[in-house]
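Here is how the chains run, residue by residue.
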Number of protein chains: 2
Amino acid sequence: MSVSVFAPATVANVACGFDALGFAIHEPGDEVIVRKSGTPGLRITNITGDGGRLPLSTEKNTAGVSALALLTETGYAGGIEMEIHKKMPLGSGLGSSSASSVAAVVAVNELIGSPFERGELLRFAMEGERAACGVAHADNVGPSLLGGFVLIRSYDPLDVVQLPVPEELWCSVIHPHVEILTEDARNVLRRRIRLEDAVVQWSNLGGLIAGLYERNYQLIGRSLNDIIFEPTRSLLIPGFDMMKQAAMQTGALGCSISGSGPSVFALSRGEEKAAEVAAAMQTALTKAGLESETYVSSVNRQGPVVRIL
Amino acid sequence: MSVSVFAPATVANVACGFDALGFAIHEPGDEVIVRKSGTPGLRITNITGDGGRLPLSTEKNTAGVSALALLTETGYAGGIEMEIHKKMPLGSGLGSSSASSVAAVVAVNELIGSPFERGELLRFAMEGERAACGVAHADNVGPSLLGGFVLIRSYDPLDVVQLPVPEELWCSVIHPHVEILTEDARNVLRRRIRLEDAVVQWSNLGGLIAGLYERNYQLIGRSLNDIIFEPTRSLLIPGFDMMKQAAMQTGALGCSISGSGPSVFALSRGEEKAAEVAAAMQTALTKAGLESETYVSSVNRQGPVVRIL
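Treat the numbers as computed from the prediction; the structure is a model and nothing was measured.

Draft legend 1. Region of the structure containing the sheet that holds strand β11 (residues 292–298) of chain B. Residue and element names in this part refer to chain B. Read across the open sheet, the four strands follow the order β9-β10-β7-β11; overall the sheet is antiparallel. Since the sheet does not close on itself, it has two edges, and those belong to β9 (254–257) and β11, each with one partner. For this sheet, the mean inter-axis angle between neighbouring strands, taken without regard to orientation, is 20°. As paired strands, β9 and strand β10 (residues 264–269) are joined by four bridges and run antiparallel to one another. Among the inter-strand pairings, I257 is bridged to a residue of β10, identified as V264.

Given below as structure tokens:
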């Protein structure tokens, strides 16, 4: 028996919810396939789609680290082989390492008889994030694992809140072909922020969450502002201002950086508008001389997809 | 014809929603009575309950300033007499000036034939706040005018969001007999805050708002944390730590400073628990040698009460 799990990409921060909020989209994402083997321990036997950049060593690979955290806690002593099929760009700001970690823990959990419920897997997937970027963030792994919008209310103790998803909310993502390391994107942040800016930011986060519950698309749009991080982080993304302008002129509800970039997301009401917005953003970026790919997706309420092969 | 309006006291900030969130309670509050007179202009003829501290001069009185802002915009040229009956302590952190301003604008609007809808009165009442504390805050006038929990999503343009009120949510307020000027309470605040603290604060605000929509009392309780302002502002409130400890040990969902203090509020599930919590807080304060009064109230969804006399 093999278990295949596809875990979705995610948009973290969502303009006003830095390190606190994220949502899942339907594509891209990563696939992990696991099967039992006669050799004890967890081995990564194959990685595709990474251009040879990811380590096969279990202890150095984020998916491996996450799966090992799970296996260690269960005391499982058998052998497991793991394949990782990257179906999304690395370093894109779309939660690439999170998608692999989530797919890995969901797959391994399924393979060994589901000792944990879905939500309990979060802390294992977070270990992969700790390996990838030094801090066990949950604003990508949370929505990739649980689907929909996820608020990380607290890390200590871990407390995640699943928020409602308005049905007509669609996301346009554009991934410009430049790479930004999460670490570099965090280095341009100030350690201290102005109190008055923080008030604006948390008022917008409050408005965004209220808008999700109210299914109020206009309120969601008015709340999608990031006055603290976007002004500096967007400097690392060529053509950002033109893309955002194109998105807003085309009728997006809001537009900002996905995670730490370089991907940029926009939220719109309805599939048609989201497709128009994605096209307008890509056209703007092409004018700036940069290649890119785009994804148009409703917000993914489903999370990981498990297939028994 | 006279118009009497009672406008309720309010709890602003609500732990994690500094300058962004407030809610109304049923008592205390202020009453304003207006009637037409033959002498053109707005005159304050009587103020009770203020111990002689509030100015009769219309241009210096927050209720007068708010009412004048409304009358100026309408171009109303007749005469109006106004009585202000303070039924709550001044400088208590319970939105005393806001209650007067809200009662005044609602009363005057009613008296001259209701040219404005309820929500439109907010910007006039905010002028009273500007007169009282130099900044046109809305986190007290908003809930006093509209009832319930009110989020100030944005000031420019003004955008307020009314949040749902879980039916069993009750508030205990204790007002220690010390006075803190809003200005002094703001002076102990830092102009810049740590980014990591801001993330904790806005994650909690997100959790609180989700908790209100979900009617999830435990989530509301877990979210009622203020790690930025309470640590310094509470130093100005004698016995704060003992009161908070008493509230939490008695089973309150959360406890923090009301507005800029010195009043302290706790939220609990149900009237009985809220009454126990109020008693425990008062006992703790009495041990610290301070007198106080307490108020126990469900969250006030009604806002101002208008009576035609």
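Draft legend 2. The sheet that holds strand β9 (residues 254–257) of chain A, seen in detail. All names here are of chain A. A sheet is described by the order of its strands in space; here four strands give the open sequence β9-β10-β7-β11, paired in antiparallel fashion. The sheet is open, and its two borders are formed by β9 and β11 (292–298), each paired with just one other strand. Pairs of neighbouring strands in the sheet enclose a mean axial angle of 20°, with direction left out of account. Two strands pair when backbone bridges link them, and strand β7 (residues 169–176) and strand β10 (residues 264–269) are joined in this way by six bridges, in the antiparallel orientation. Along β10, the bridge assignment pairs S172 with A266. The strands that helix α10 (residues 271–287) touches are β7, β10 and β11; relative to β7, the one it contacts most, it runs at about 20°.

Draft legend 3. Seen up close, the interface of chain A and chain B. In this assembly, 34 residues from chain A lie in contact with 34 residues from chain B. Taken together, the elements giving at least two residues each to the side of chain A that touches chain B come down to β5 (149–155), β6 (158–163), β8 (192–194), α6 (195–214) and α7 (217–223) of chain A. It is α6 of chain A that provides the largest number of residues to the side of chain A that touches chain B, a total of 13 residues. Class assignment of the residues belonging to the side of chain A that touches chain B gives a composition of 18 nonpolar, eight polar and eight charged.

Draft legend 4. Seen up close, the relation of the copies chain A and chain B. If you rotate chain A by 180° and push it 0.0 Å along the axis, it lands on chain B with an RMSD of 0.0 Å. Viewed as a symmetry operation, the transformation between the two copies matches a two-fold axis.

Draft legend 5. Structural view of the nonpolar core. A103 and M281 of chain A together with A103 and M281 of chain B are the most contacted members of the largest nonpolar core, which totals 210 residues. In this structure A103 of chain A touches V5, F6, A7, D30, E31, V32, A63 and P304 of chain A, once residues within four positions along its chain are discounted.

Draft legend 6. The environment of T283 of chain B, seen in detail. Of note, T283 of chain B is situated in helix α10 (residues 271–287). Linking T283 of chain B and S203 of chain B, residues 80 residues apart in sequence, is a C-alpha distance of 33 Å.

The rules we used
- Residues numbered from 1 in each chain as written.
- Chains lettered and ligands numbered in written order.
- Predicted model: local features only at pLDDT ≥ 70, side-chain atom pairs only at ≥ 80, totals over all residues.
- Pairing = 2+ DSSP bridges.
- Helix = DSSP H or I, 4+ residues; strand = E, 2+ residues; numbered from the N terminus.
- Axes fitted to C-alpha atoms, helices over the stretch in contact; angles between N-to-C directions.
- Contact = placed C-beta atoms within 7 Å.
- Nonpolar A, V, L, I, M, F, W, Y, C, P; charged D, E, K, R; others polar.
- Least-squares fit on C-alpha atoms with pLDDT ≥ 70 in both.
- Core = buried A, V, L, I, M, F, W, Y, C linked by C-beta atoms within 7 Å.
- Buried ≥ 20, exposed ≤ 12 C-beta atoms within 10 Å, placed from the backbone.

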